[in-house]
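What the coordinates show
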Amino acid sequence: MTGPAVVLVGPMGVGKSTVGELLAERLGTHYRDTDADIVAAEGRTVADIFVDDGEPRFRELEREAVRLAVAEHDGVLALGGGAVLDAATRGLLAGLPVVYLTMEVGEAIKRVGLNTARPLLAINPRQQWKQLMEARRHHYTDVARVVVATDDRTPDEVAEAVLDALELKHSPGTAPRTPGKEKLV
């Protein structure tokens, strides 16, 4: 197989990182997050890149991070919320097992709230989130092989739904954990 086993896309706060780590564990593979790749390469946070260099520069870094990750990584890959805005990135995702994790605005506000580490939600988070989703939703659905709702589900339940939707099997010895009370963040 070439490319990632699973690619997670969706809005900020939907739980891509949490679910991605669970999926990697269950599939017996590695997890990678392109935002974490950018932070490691740049030595500063995504928010700092946005403030210091602007969104266009961040999107350049993101495009390259996704390109490298798709070429190099064969495990579970999570993309930043805005990665699908780039046409070249959408092209790279064609044919891959992409999962769009969704949530409603009320759930999004509960999860990300007024988190200042999310530069695109710094002012009026509810309105900003709605606007971001209007601009991005069709890109998420266009690249996705499957769509999995995360509202009112634990991370374990979402991970199981992803595995079921993609018809993937657990790695030997990695049966589902007993659902806990943890929440997606």
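Remember, it's a predicted structure, so these values are computed and weren't measured experimentally. (Residues numbered from 1 in each chain as written. Predicted model: local features only at pLDDT ≥ 70, side-chain atom pairs only at ≥ 80, totals over all residues. Heavy atoms only, no water.)

Observations concerning the overall build of the chain
The line we're drawing: Only DSSP runs of H or I covering at least 4 residues are called helices, and only runs of E covering at least 2 are called strands; the numbering of each starts at the N terminus. Exposure classes here rest on a 1.4 Å probe applied to the protein chains alone. A residue is buried below 20% of its type maximum, exposed above 50%, and partly exposed in between. By definition, residues are in contact when any of their heavy atoms lie within 4.5 Å.
In terms of regular secondary structure, the chain is built from eight helices and five strands. Element order for the chain, N to C, with α for helix and β for strand: β-α-β-α-α-α-β-α-β-α-α-β-α. Each of the 185 residues in the chain was classed as buried or not, and the buried ones make up 50%. Put simply, 74% of the contacts in the chain that link residues at least 6 apart link residues at least 24 apart.

What to know about the pattern of salt bridges
The line we're drawing: A carboxyl oxygen of Asp or Glu within 4 Å of a side-chain nitrogen of Lys or Arg is what we treat as a salt bridge.
Throughout the structure, instances matching the rule amount to 12 salt bridges. With a shortest N-O distance of 3.2 Å, Glu 72 and Arg 32 are connected by a salt bridge. With Glu 72 in helix α4 (residues 55–72) and Arg 32 in strand β2 (residues 31–33), this pair connects stretches of sequence that are 40 residues apart. Residue Glu 72 is classed as exposed on the basis of its relative accessible area of 51%. Arg 32 gets classed as buried once you look at its relative accessible area, which sits at 18%. Across the salt bridge formed by Arg 57 and Glu 60, the nearest N and O atoms sit 3.1 Å from each other.

With respect to the packing of helix α1 (residues 16–27) against helix α8 (residues 155–166)
Which entries qualify depends on this criterion: An axis is simply a line fitted to the C-alpha atoms; with a helix, the fit covers only the stretch in contact. Between two such axes, the angle follows the N-to-C directions and lies from 0 to 180 degrees. An angle below 35 degrees is treated as roughly parallel, one above 145 as roughly antiparallel, one from 65 to 115 as roughly perpendicular, and anything else as oblique. The crossing is said to be left-handed when, going from far helix to near helix, the turn is anticlockwise and less than a right angle, and right-handed when the turn is clockwise.
With their axes 9 Å apart at the nearest point, α1 and α8 run at an angle of 60° to one another. As the angle between them shows, α1 and α8 are arranged oblique. Two packed elements cross with a definite hand, and for α1 against α8 that hand is right-handed. Together, Thr 18, Val 19, Leu 22, Leu 23, Arg 26 and Leu 27 of α1 and Pro 155, Asp 156, Val 158, Ala 159, Glu 160, Val 162 and Leu 163 of α8 make up the contact between the two elements.

Things to note about α1
In plain terms, the rule: Under the convention used throughout, the expected extent of a helix is 1.5 Å for every residue step, that is, one less than its residue count.
Under the 1.5 Å per step criterion, the end-to-end length of α1 is 16 Å for 12 residues, consistent within 8% with the ideal 16 Å. Residues of α1 that are buried include every one of Lys 16, Val 19, Gly 20, Leu 22, Leu 23, Ala 24, Arg 26 and Leu 27, and no others. Contacts from the buried residues of α1 go to β1 (6–9), β2, β3 (76–78), β4 (98–102) and α8. Backbone geometry just downstream of α1 places Gly 28 in the positive-phi region, at approximately 70°.

What about the pairing of strand β5 (residues 146–149)?
What counts is decided by this rule: Between any two strands, pairing holds if DSSP finds at least two bridges.
Burial of the side chains of β5 is restricted to one face: Val 146 and Val 148 are buried, whereas none of Val 147 and Ala 149 on the reverse face is. Both β4 and β5 contribute to a ladder of four bridges, which runs parallel. Across the sheet, Thr 102 pairs through a bridge with Ala 149, a residue of β5.

Concerning the packing of aromatic side chains
Selection criterion: In this analysis, rings of Phe, Tyr and Trp, with Trp reduced to its six-membered ring, are considered paired at centre separations within 6.5 Å, and the interplanar angle assigns stacked below 30 degrees, edge-to-face beyond 60, and tilted for intermediate values.
One pass over the full model with this rule turns up two aromatic pairs. On the numbers, 5.0 Å between centres and 40° between planes, the contact of Phe 50 with Phe 58 is tilted. With relative accessibility at 13%, the residue Phe 50 sits in the buried group.

Concerning the nonpolar core
What counts is decided by this rule: As used in this record, nonpolar core signifies buried Ala, Val, Leu, Ile, Met, Phe, Trp, Tyr and Cys residues forming a set joined through side-chain atoms within 4.5 Å.
Counting residues in hydrophobic clusters, the biggest one holds 22 residues, and the most contacted among them are Val 6, Leu 8, Leu 23, Val 99, Leu 101 and Val 162. Listing elements by their share of this core, those giving two or more residues are β1, α1, β3, β4, β5 and α8. The element that contributes the greatest number of residues to this core is α8, accounting for six residues. Not counting the four nearest positions on each side in its chain, Val 162 is found in contact with Val 6, Leu 23, Val 99, Leu 101 and Val 148. Membership of the second largest hydrophobic core comes to 17 residues, among which are Val 7, Leu 77, Leu 93 and Ala 144.

Comments concerning the sheet that holds β5
Pairing is parallel across the open sheet formed by five strands, whose spatial order is β2-β3-β1-β4-β5. One side of each edge strand has no neighbouring strand; the edge strands of this open sheet are β2 and β5. Neighbour-to-neighbour, the strand axes of the sheet open up by a mean angle of 25°, direction not taken into account. The strands touched by α1 are β1, β2, β3 and β4; relative to β1, the strand with the most contacts, the crossing angle is about 170°.

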